[in-house]
Amino acid sequence: MNNRIPKLWLRNGRETPVLAGHPWIFSKGIETGPVNEDGKPAREVGLVKVYSGGKNFLGIGMYNPNTSIALRMISLNKDDENGFKVDSDFFVRKFKSLENAKKEFLAAHSARHGALASPAETTSYRLVNADADWLPGLIIDRYENVFVFQIHTAAMDKYRELIVEALRDAFDPEAIVERSDIESRKSDGMESLPVNIHYGKVDGPVKFSENGVKFLADVLKGQKTGFFLDQREARKKVGDISHGKRVLNLFSYTGGFGLYAALNGAKKVTTVDSSESALELAQENFRLNGIKIDDKKNFEKYDFVCADVFDFLSDIKIGDYDIIVCDPPAFAKSNDKIDEAKKAYTSINRRCMDLLSPGGILVTCSCSGRITQEDFREILKFTAGRSKKDMRILCSLTQPFDHTERVSFSEGRYLKTFVLQCLDNF
Ligand code: SAH
């Protein structure tokens, strides 16, 4: 066990959120340290023992003096004061316990949703959701037996080899891919990295199931880790309400929402994205599920349009679609983009609401963590007013349980989805 972990002390009162389970401490919250055993300053990126101003041991943090979130807690276990080590066993234990905790709900979730699904039929989930799962800066998505990870922080970046070794030990995977080709690493003082297959072989898109629907994820070149696993429940919801409806799937990526609609008897599904490669995979996903998109008689029914959503929307008429799904990319990628992002959400939602007839449904999403649920609702309230539509909320969703959200860590919520129905025009 390594007891040579430097120590630091928080300012008085700054321990309260930590004790309640909040994983972040900003640099301003640190009173003294970190210091080594000999009392000399320890300024390097790495593990630290964290104490309150009253000198009580709080847990172990991952420290980076070069960022505003200087500390991210990795453990609140009191025993760790006497010895704490991040080795391959540590990661194996973590991965196994997260797998157990999440698979239980994945099975329950699938079973509940009946018709299309059985527990075995959701084979993809987020195994590790970074700070919310007490593994700061680490994301791991699982597609059947292919594991795709991303490292966002400099402190976690030191453990790449251990992470790969632990995934091999814990799961006997088919492949392990790293997708740390992410610009956000810069805010932690690191470069974006090339895509890397650390273990096994990936010959092409990886097959997996979600609620019984088959999908391909391009884990090497696709967006994020290859698929937006966080919209699993919203896609299911869209499937549930799509029978006999004309469905427009905007910002479709690889077609998920529209595919659920098609499988549930939608009368028409139009899939729109600006990425040619995403649309190619969308068509593959439809074919994979036995939907005959290549039959001449279905050309009108299943339409794949490579276009800018804003241009596309200029060409359609009010009432052309019964359900519009609008799941744009994160508009607010940094704090200085929040106002711009609010304008973009207002503009796109206004366009969508304007196109609804009474009875029409808008499934609208925001995946920007910096836009809160309340902000998003305000935007929708304003937009509905401008569009002169009486909209009711059929339901609202957030990220599913495998994209862990903790009560004590509200910053961890990023995905907001509202299913809205237009009751009338004012
Ligand atoms: N709904 C998808 C995820 C959407 S991700 C799912 O369930 O998997 C956002 C998508 O928006 C990306 O595929 C990106 O290519 C696309 N996109 C971004 N800006 C766009 C624009 N202006 N017009 C059309 N598509 C756009």
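All residue numbers refer to position in the chain's written sequence, counted from 1. Local features in this predicted model are restricted to residues whose pLDDT is 70 or higher, and side-chain atom pairs enter the listing and the counts only when it is 80 or higher, whereas totals over whole chains, interfaces and linings include all residues. Each side-chain value is worked out from all heavy atoms of the structure, with water and hydrogens disregarded.

Take the sheet that holds strand E16 (residues 302–306) next. For two strands to be treated as a pair, DSSP must find no fewer than two bridges joining them. For helices the rule is a DSSP run of H or I covering at least 4 residues; for strands it is a run of E covering at least 2, with both sets numbered from the N terminus onward. Across the sheet, which stays open at both edges, the seven strands sit in the order E16-E15-E14-E17-E18-E20-E19 with mixed pairing between neighbours. Of all strands in the sheet, those bounded by a partner on one side alone are E16 and strand E19 (389–398). Looking at each pair of strands side by side, their axes are set apart by 15° on average, direction ignored. Bridge count for strand E18 (residues 361–366) against strand E20 (residues 416–425) is six bridges, and the pairing is antiparallel. Opposite Leu362, over in E20, you have Leu420 as the bridge partner. It only takes one pair of heavy atoms within 4.5 Å for two residues to be counted as in contact. Interaxial angles span 0 to 180 degrees and are taken between N-to-C directions of axes, which are lines fitted to C-alpha atoms, for helices over the stretch in contact. Most of the contacts of helix H9 (residues 338–354) go to E18, to which it runs at about 170°, and overall it touches strand E14 (246–250), strand E17 (323–326), E18, E19 and E20. Strand contacts of helix H10 (residues 373–387): E18, E19 and E20, with the helix running at about 20° to E20, the strand carrying the most contacts.

The next point concerns empty space enclosed by the protein. Only protein atoms enter the 1 Å grid, on which a cavity is a set of points fitting a 1.4 Å probe that cannot get out and a pocket is an open set with protein on both sides within 12 Å along at least 5 of 7 lines, lining residues being those with an atom within 4 Å of a point. Grid points are joined across faces, edges and corners, and a volume is the space filled by probe spheres set on the points. Under the criterion given, the structure shown has two cavities of 30 Å³ or more. One number sums up the size of the largest cavity: a volume of about 50 Å³. Surrounding the largest cavity, Met62, Tyr63, Asn64, Ile69, Ala70, Arg72, Pro136, Thr153, Ala155 and Asp188 form its lining. Domain delimitation in this document rests on an assignment produced automatically or drawn from a domain database. Summarising the domain contributions, the lining of the largest cavity has at least three residues from each of domain 1 (2–81) and domain 2 (88–207). Considering only enclosed or pocket space, the second largest cavity measures out at about 30 Å³ in volume. Surrounding the second largest cavity, Arg126, Asp141, Lys224, Phe227, Phe228, Leu229, Asp230, His403 and Tyr414 form its lining. Put simply, Ala, Val, Leu, Ile, Met, Phe, Trp, Tyr, Cys and Pro go in the nonpolar bin, Asp, Glu, Lys and Arg in the charged bin, and everything else, Gly too, in the polar bin. When grouped by side-chain class, the residues that make up the lining of the second largest cavity number four nonpolar, one polar and four charged.

Mean pLDDT over the protein chain works out to 94, with 96% of the residues at or above the 70 mark. Each residue carries a pLDDT value, the predictor's own confidence for that position, ranging from 0 to 100. For the stretch residues 114–119, pLDDT sits under 50, and the model shows 12 contacts to residues farther than four places along the chain or on other chains.

With that out of the way, let us pick up the packing of aromatic side chains. Paired rings are identified among Phe, Tyr and Trp, the last through its six-membered ring, by centres lying within 6.5 Å, and are further divided according to the angle between planes into stacked (under 30 degrees), edge-to-face (over 60) and tilted (the rest). For the structure shown, the criterion picks out 21 aromatic pairs. Plain terms: the ring middles of Trp9 and Tyr51 are 5.8 Å apart, the flat faces sit at 25° to each other, and that makes the pair stacked. Here Trp9, found in strand E1 (residues 7–10), pairs with Tyr51, found in strand E4 (residues 46–51); they are 42 residues apart in sequence, far enough to count as distant. Taking 5.8 Å as the distance between ring centres and 45° as the angle between the ring planes, the aromatic pair formed by Phe376 and Phe418 counts as tilted. Of the two residues, Phe376 sits in helix H10 while Phe418 sits in strand E20, which places them 42 residues apart along the sequence. An aromatic cluster is built from Phe84, Phe90, Phe91, Phe95 and Tyr159, whose rings are joined through pairwise contacts.

Formed by 39 residues in total, the largest nonpolar core has its most connected members in Phe91, Phe95 and Leu138. Elements represented by at least two residues in this core include exactly E4, strand E5 (57–63), helix H2 (88–112), strand E7 (124–129), strand E8 (138–143), strand E9 (146–151), helix H3 (154–157) and helix H4 (160–171). Per-domain counts for this core show at least three residues from each of domain 1 (2–81) and domain 2 (88–207). Those residues within four positions of Leu138 in sequence are excluded, and the remaining contacts are Phe91, Phe95, Val128, Asn129, Ala130, Phe149, Gln150, Ile151, Met156 and Ile163. Take the buried residues of types Ala, Val, Leu, Ile, Met, Phe, Trp, Tyr and Cys, join any two whose side-chain atoms come within 4.5 Å, and each joined set is a nonpolar core. Note on exposure labels: buried denotes an accessible area under 20% of the residue type's maximum, exposed denotes more than 50%, and partly exposed covers the range between, all computed with a 1.4 Å probe on protein chains only. Formed by 38 residues, the second largest nonpolar core is a distinct cluster that contains Leu229, Ala234, Leu259 and Ile293.

What follows concerns the environment of Phe426. Mapping Phe426 onto the fold places it in the segment after E20. Each C-alpha atom of the pair Phe426 and Lys389 lies 5.7 Å from the other, and the pair is 37 residues apart in sequence. Once residues lying within four places of it in the same chain are set aside, the contact partners of Phe426 are Lys388, Lys389 and Asp390.

E20 sits mainly inside the fold: seven of its 10 residues count as buried. Pairing of E19 with E20, which is carried by nine bridges, proceeds in the antiparallel orientation. The residue of E20 that forms the bridge with Asp390 is Asp424.

In contact at an axis separation of 9 Å, H9 and H10 are set at 45° when each is read in the N-to-C sense. Considering their axes alone, H9 and H10 lie oblique with respect to each other. Note on packing geometry: the crossing formed by H9 with H10 is right-handed. Residue-level contacts link Lys342, Tyr345, Thr346, Asn349, Arg350, Met353 and Asp354 of H9 to Asp375, Phe376, Ile379, Leu380, Phe382, Thr383, Ala384, Arg386 and Ser387 of H10. For classification, angles of less than 35 degrees are called roughly parallel, those exceeding 145 degrees roughly antiparallel, those between 65 and 115 degrees roughly perpendicular, and all remaining angles oblique. A crossing counts as left-handed when the near helix is turned anticlockwise from the far one by less than a right angle, and as right-handed when that turn is clockwise.

A few words now on the packing of helix H5 (residues 232–240) against helix H6 (residues 256–263). The N-to-C vectors of H5 and H6 enclose an angle of 35°; their axes lie 8 Å apart at closest approach. Where H5 crosses over H6, the two elements pack in a sense that is right-handed. In contact with Arg232, Ala234, Arg235, Lys236, Val238 and Gly239 of H5, H6 contributes Gly256, Phe257, Tyr260 and Ala261.

With that settled, the discussion passes to the site of the ligand. Around the ligand, a shell composed of 15 residues is seen, among which Arg235, Asp273, Ser274, Val309 and Asp327 lie nearest. One of the side-chain N or O atoms of Asp273 is found 2.7 Å from an oxygen atom in the ligand. A distance of 3.1 Å is found between a nitrogen atom of the ligand and a backbone nitrogen or oxygen belonging to Ser274. What sets the accessible areas is the Shrake-Rupley method with a 1.4 Å probe; for residues, cover comes only from the shown protein chains. Within the complex, 90% of the 590 Å² of free accessible area of the ligand lies under protein. For the shell around the ligand, the class distribution of residues is seven nonpolar, four polar and four charged. Whether a residue is near a molecule or strand is decided by its heavy atoms; if any one of them lies within 4 Å of it, the residue is near. What qualifies as a polar contact is a pair of N or O atoms within 3.5 Å, subject to a donor-acceptor requirement within protein and to the restriction that residues adjacent in sequence count only when both atoms come from side chains.

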